[in-house]
Amino acid sequence: MLQTGWKKAIYSCSFVVLWVSVLSVGSGEALAADGAAVYQARCSACHGAEGEGRGSFPVLADNPFLDDEAAVTDVVRGGRGAMPGFPQLSEEDVAALTTYLRATWGAAPGSGEGETTNTTAAGTGATGTTAPDAEGTGGEPLKPGDPHNGEALFVGATAFTSGAPPCQACHSAGANGRAGGGLLLGTDLTDLAERAGGAAGISGMLAAPAFPVMLAAYEGKPISEQERADLGAYFEDLAASDTGSGSILAGKLWLLGAAGAAVLFGLMGLFWPRHRVTAAERLRGGAR
Amino acid sequence: MNWNTILFLLVPYAVVPLAVVASAYRLLYRPYTVSSLSSQILESRKLFWGSISFHWGLVLVLTGHLVALLLPRSITLWNAAPIRLYLLEATGLALGLWALAGGAVLAWRRYSDARVRAVTRPADVIVLVLLVVSMVTGVLTATLYSFGSSWFTAVFTPYLWSLATLRPRPELVADLPWLVKLHAFNFFLLAATFPFTRLVHIVTLPLGYLYRPWQLVIWARRPSRDTGARR
């Protein structure tokens, strides 16, 4: 009977594969890459809607770096400094983005040699003490943040009003999220304030988080201005307190897990009934 | 249409209805084929160490996944204190390793015991391989990409609910590391094989015992001297 079931499994699987292939063939045009859309979704949170830069994220407007197409592609793919890479973007997306960046802010091809702007310095100077907001209007004074509430938001003791997940789900910072051992899904954020250009830069980044997993997880769940200010204050305190990011104690979790599994096997061997006494065994025992 | 959409939108929508319909068909029209295909009668010593740890480890770990899916806020609040987070992560890993070790014993038993090997069919091997892949990728995800108990509620809870409510958002899992994606996709493969293999025995879990009317068993014979007094 089961042989029949097995045959059915093969037929069904072939059917599914066939169906999926038919559907996937006819829809290649779905990825019509739009450089401006990619920029708004992935880049504008840190580099600003108008390419004006935030914190240590450089100004893109008229940035001579954009003249080197290969270098731009490399940075988009692999990241640089505080910026994460975006390896999940398709070839078309990267090409469209690079074209958009060069067409919007780059010098005309071949005429970029004369410019010598220091991109990092320009970026740091651009934001000053103002908090850039999600809409890119900028110029608004930064709300004072409460570092304690920021930490509560980070670990999840206080939930974000929009229901966005807590930072500690993927990140560590200072003493939070470090003792578990192993690696993390996200990066360590102990020195975020230095990398992102202080509370203002952090607030800007969090207005529309564009990092790989965060992009989808925080979509439709904005972090409020006050919450961003609180987190900014927490990260600034953390960077100032000089705890250092330290090294995550790799292996601690493995050790605990292996010990736990060994204990479970031990308990099983000691207390779990091996097998029921069968009727035959009862009869044999009684006959003696 | 990219690969992520195929693997995490089309495939689940293809295999889950397939699993439900084919399982229902098998239960209704081929009820006597629904079996775990137990080989306990052929070999029971290794089975004890393999089967108990595998089944209980897996059931408890799956319950953890289910709690994160149905009550995500409870996990987030529990994990808000570092010590509780580490306790939950270590417990989950211990159970995962317990199940994985049990699965390894079962695989070894199936390979090394001639009598068990004689009754092994291709479908049994496929199920075992899929289960081992599931447990290995799960344990590696737990240790390489901390803290799964927390980010599951941020990534997989909304993703699975989006599938269940027919408003699919496969992009939620698009940027995850490939190991995590393999762990999730492997679950869909298990669902696809479910109705056609011994996995179908899961539906025979006697939940009816929890709410059926209680019964009083009265033995209408005199207590036997050999086997001791019984009622």
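Rules and cut-offs
- Residues numbered from 1 in each chain as written.
- Chains lettered and ligands numbered in written order.
- Predicted model: local features only at pLDDT ≥ 70, side-chain atom pairs only at ≥ 80, totals over all residues.
- Heavy atoms only, no water.
- Helix = DSSP H or I, 4+ residues; strand = E, 2+ residues; numbered from the N terminus.
- Contact = heavy atoms within 4.5 Å.
- Axes fitted to C-alpha atoms, helices over the stretch in contact; angles between N-to-C directions.
- Parallel < 35°, antiparallel > 145°, perpendicular 65-115°, else oblique.
- Left-handed = near helix turned anticlockwise from the far one by under 90°.
- Buried < 20%, exposed > 50% of the residue type's maximum accessible area, 1.4 Å probe, protein only.
- Polar contact = N/O pair within 3.5 Å; in protein donor to acceptor, adjacent residues only side chain to side chain.
- Core = buried A, V, L, I, M, F, W, Y, C linked by side-chain atoms within 4.5 Å.
- Nonpolar A, V, L, I, M, F, W, Y, C, P; charged D, E, K, R; others polar.
- Patch = residues over 30% accessible without salt bridge, like charges linked within 9 Å, V, L, I, M, F, W, Y side chains within 5 Å.
- Areas by Shrake-Rupley, 256 points an atom, 1.4 Å probe, with all protein chains shown as cover.
- Salt bridge = Lys/Arg side-chain N within 4 Å of Asp/Glu carboxyl O.
- Expected span 1.5 Å × (residues − 1).
- Bend = angle between axes of the 7 residues up to and from the residue.

**Student:** Help me out: how do you make sense of the overall build of chain B in this one?
**Tutor:** When you go through chain B residue by residue, the secondary structure sums to nine helices and zero strands. Listed by position from the N terminus, the elements making up chain B come as α-α-α-α-α-α-α-α-α. Summarising its shape, the C-alpha atoms of chain B cover approximately 70 × 40 × 40 Å along the three principal directions. Within chain B, counting contacts between residues at least 6 apart in sequence, those at least 24 apart form 77% of the total.

**Student:** Where do I start with the packing of helix α4 (residues 82-112) of chain B against helix α6 (residues 122-144) of chain B in this structure?
**Tutor:** Residues and elements named next belong to chain B. One can describe the packing of α4 onto α6 by two numbers: an axis separation of 10 Å at closest approach and a directional angle of 155°. Between α4 and α6, the angle falls in the class roughly antiparallel. Considering only the axes of α4 and α6, their crossing is left-handed. Residues E89, L93, G96, L97, A99, L100, G103, L106, A107 and R110 of α4 touch α6, and the partners they reach there are D124, L128, M135, V136, V139, A142 and T143.

**Student:** Where do I start with the side chain of A:N63 in this structure?
**Tutor:** All names here are of chain A. Within the secondary structure, N63 sits in the loop between α2 (35-47) and α3 (69-78). Among the residues examined, N63 registers a relative accessible area of 6% and is labelled buried. Reaching out from N63, the side chain makes a polar contact with the backbone nitrogen of F65 at a distance of 2.9 Å.

**Student:** Is there a simple way to think about the nonpolar core in this case?
**Tutor:** Buried together is how nonpolar side chains tend to be arranged in soluble globular proteins. Residue and element names in this part refer to chain A. One finds L101, F154, L231 and F235 to be the most contacted residues of the largest nonpolar core, which totals 40 residues. Listing elements by their share of this core, those giving two or more residues are α2, α3, α4 (91-104), α6 (147-155), α7 (192-196), α8 (198-207), α9 (212-217) and α10 (225-240). Not counting chain neighbours up to four residues away, the residues in contact with F154 comprise P166, C167, Q168, H171, S172, A173, N176, L189, L231, Y234 and F235.

**Student:** What exactly am I supposed to notice about unusual backbone geometry here?
**Tutor:** Most peptide bonds adopt trans geometry, and most residues besides glycine take a negative phi value. Cis rather than trans, the peptide bond between B:S146 and B:F147 has omega equal to -5°. Here B:F147 lies in the loop between α6 and α7 (148-164). Here A:D62, not a glycine, exhibits a phi torsion of approximately 55°, which is positive. Positive phi values are uncommon outside glycine, yet B:L37 reaches one of about 55°.

**Student:** Just checking my understanding: could you explain the packing of helix α2 (residues 45-70) of chain B against α7(B) for this structure?
**Tutor:** A pair of packed helices is captured by two measures, namely the crossing angle of their axes and the spacing between those axes. Residue and element names in this part refer to chain B. Where α2 contacts α7, the axes come no closer than 9 Å and their chain directions differ by 80°. The angle between the axes of α2 and α7 places the two elements in the roughly perpendicular class. Counted together, H65, A68, L69 and L70 of α2 and F152, T153, T157, L160 and W161 of α7 form the full contact between these two elements. Of the residues contributing to the contact of α2 with α7, the split by class is six nonpolar, three polar and no charged.

**Student:** Would you mind going over a nonpolar patch on the surface with me for this structure?
**Tutor:** A contiguous nonpolar patch, built from B:Y25, B:L27, B:L28, B:Y29 and B:V203 and spanning about 510 Å² of accessible area, is present on the exposed surface. One can find B:Y29 in helix α1 (residues 3-29).

**Student:** Please explain the pattern of salt bridges as it appears in this structure.
**Tutor:** Opposite charge on two side chains allows them to pair when their charged atoms are near. This structure, assessed with the given rule, holds six salt bridges over all chains. Between B:E43 and B:R109 there is a salt bridge, and its shortest N-O distance comes to 2.7 Å. In this pair, B:E43 is assigned in the loop between α1 and α2 and B:R109 in helix α4, connecting sequence segments 66 residues apart. Classification of B:E43 by relative accessible area gives buried; the value is 10%. Note on B:R109: relative accessible area 2%, which makes it buried. Put simply, A:E219, B:R169 and B:E171 are held in one network by salt bridges that share partners.

**Student:** Help me out: how do you make sense of α1(B) in this one?
**Tutor:** Helical periodicity: at 3.6 residues per turn, an α-helix aligns residues three or four positions apart in one direction. End to end, α1(B) covers 37 Å across 27 residues, agreeing with the expected 39 Å (1.5 Å per residue, within 8%). Residue B:V11 marks the point of greatest curvature in α1(B), where the axis turns by about 35°; the proline B:P12 follows within four residues.

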